[in-house]
Amino acid sequence: DLTGKPSAHMSWTAEKYARLVVIRYGYKLVGWTADVPFVNLSALAGGVLPLPVLKLCYARNSGLLRFEPAT
């Protein structure tokens, strides 16, 4: 856990992400692909994962999608 706070969680609106993740905890998400809307992926409709979501999963597993300190 990057923050050391068990209650820390991701926020999926731009305003809440900026306020609750970047400003409060000092981290930013790096590597989100431009072809995937910035939303909670579990909120996306459909049964088969679209290619952009699979690209995000690969990016996360390979370390391309990660949290870094916000400077």
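Residues numbered from 1 in each chain as written. Predicted model: local features only at pLDDT ≥ 70, side-chain atom pairs only at ≥ 80, totals over all residues. Heavy atoms only, no water.

**Some thoughts on the nonpolar core**
- Residues Tyr17, Val21, Leu29, Trp32, Val36, Leu56, Ala59 and Leu65 constitute the largest nonpolar core, which totals eight residues.
- Where this core is concerned, the elements lending two or more residues are helix H1 (14-25) and helix H2 (51-62).
- Residues in contact with Val36, not counting those within four places in the same chain, are Leu41, Pro52, Val53 and Leu56. (Core = buried A, V, L, I, M, F, W, Y, C linked by side-chain atoms within 4.5 Å. Buried < 20%, exposed > 50% of the residue type's maximum accessible area, 1.4 Å probe, protein only. Helix = DSSP H or I, 4+ residues; strand = E, 2+ residues; numbered from the N terminus. Contact = heavy atoms within 4.5 Å.)

**Notes on the layout of surface pockets**
- Approximately 250 Å³ is the volume attributed to the largest pocket.
- For the largest pocket, the full set of lining residues is Met10, Trp12, Leu29, Trp32, Leu41, Leu56, Cys57, Arg60, Leu65, Arg66 and Phe67.
- Broken down by secondary-structure element, the contributors of at least two residues to the lining of the largest pocket are H2 and strand S2 (66-69).
- Considering every element that reaches the lining of the largest pocket, the biggest residue donor is H2, with three residues.
- Across the lining of the largest pocket, the residue classes break down as nine nonpolar, no polar and two charged.
- Each pocket or cavity is described by its volume, and for the second largest pocket that value is around 170 Å³.
- Lining of the second largest pocket is provided by Asp1, Leu2, Thr3, Ala8, His9, Met10, Val21, Tyr25, Tyr27 and Phe67.
- Residues belonging to the lining of the second largest pocket are distributed by class as follows: seven nonpolar, two polar and one charged. (1 Å grid on protein atoms, 1.4 Å probe; cavity = no way out; pocket = protein on both sides within 12 Å on 5 of 7 lines; lining within 4 Å. Points joined across faces, edges and corners; volume = space filled by probe spheres on them. Nonpolar A, V, L, I, M, F, W, Y, C, P; charged D, E, K, R; others polar.)

**Thoughts on H1**
- Along its twelve residues, H1 runs 15 Å from first to last C-alpha, staying within 8% of the 16 Å computed at 1.5 Å per residue.
- The positive-phi residue at the C-terminal boundary of H1 is Gly26, with phi of around 80°. (Expected span 1.5 Å × (residues − 1).)

**Some points on the pattern of salt bridges**
- This model, assessed by the stated rule, comprises two salt bridges.
- The partner of Glu15 in a salt bridge is Arg19, with the nearest N and O atoms 2.7 Å apart. Taken together, the residues span about one helical turn, with Glu15 and Arg19 both in helix H1 at a distance of four residues.
- What makes Glu15 partly exposed here is its relative accessible area of 46%.
- For Glu68, the salt bridge goes to Arg66, with nearest N and O atoms at 2.8 Å.
- When its relative accessible area of 25% is taken as the criterion, Glu68 is described as partly exposed.
- Residue classification places Arg66 among the partly exposed residues on the basis of a relative accessible area of 33%. (Salt bridge = Lys/Arg side-chain N within 4 Å of Asp/Glu carboxyl O.)

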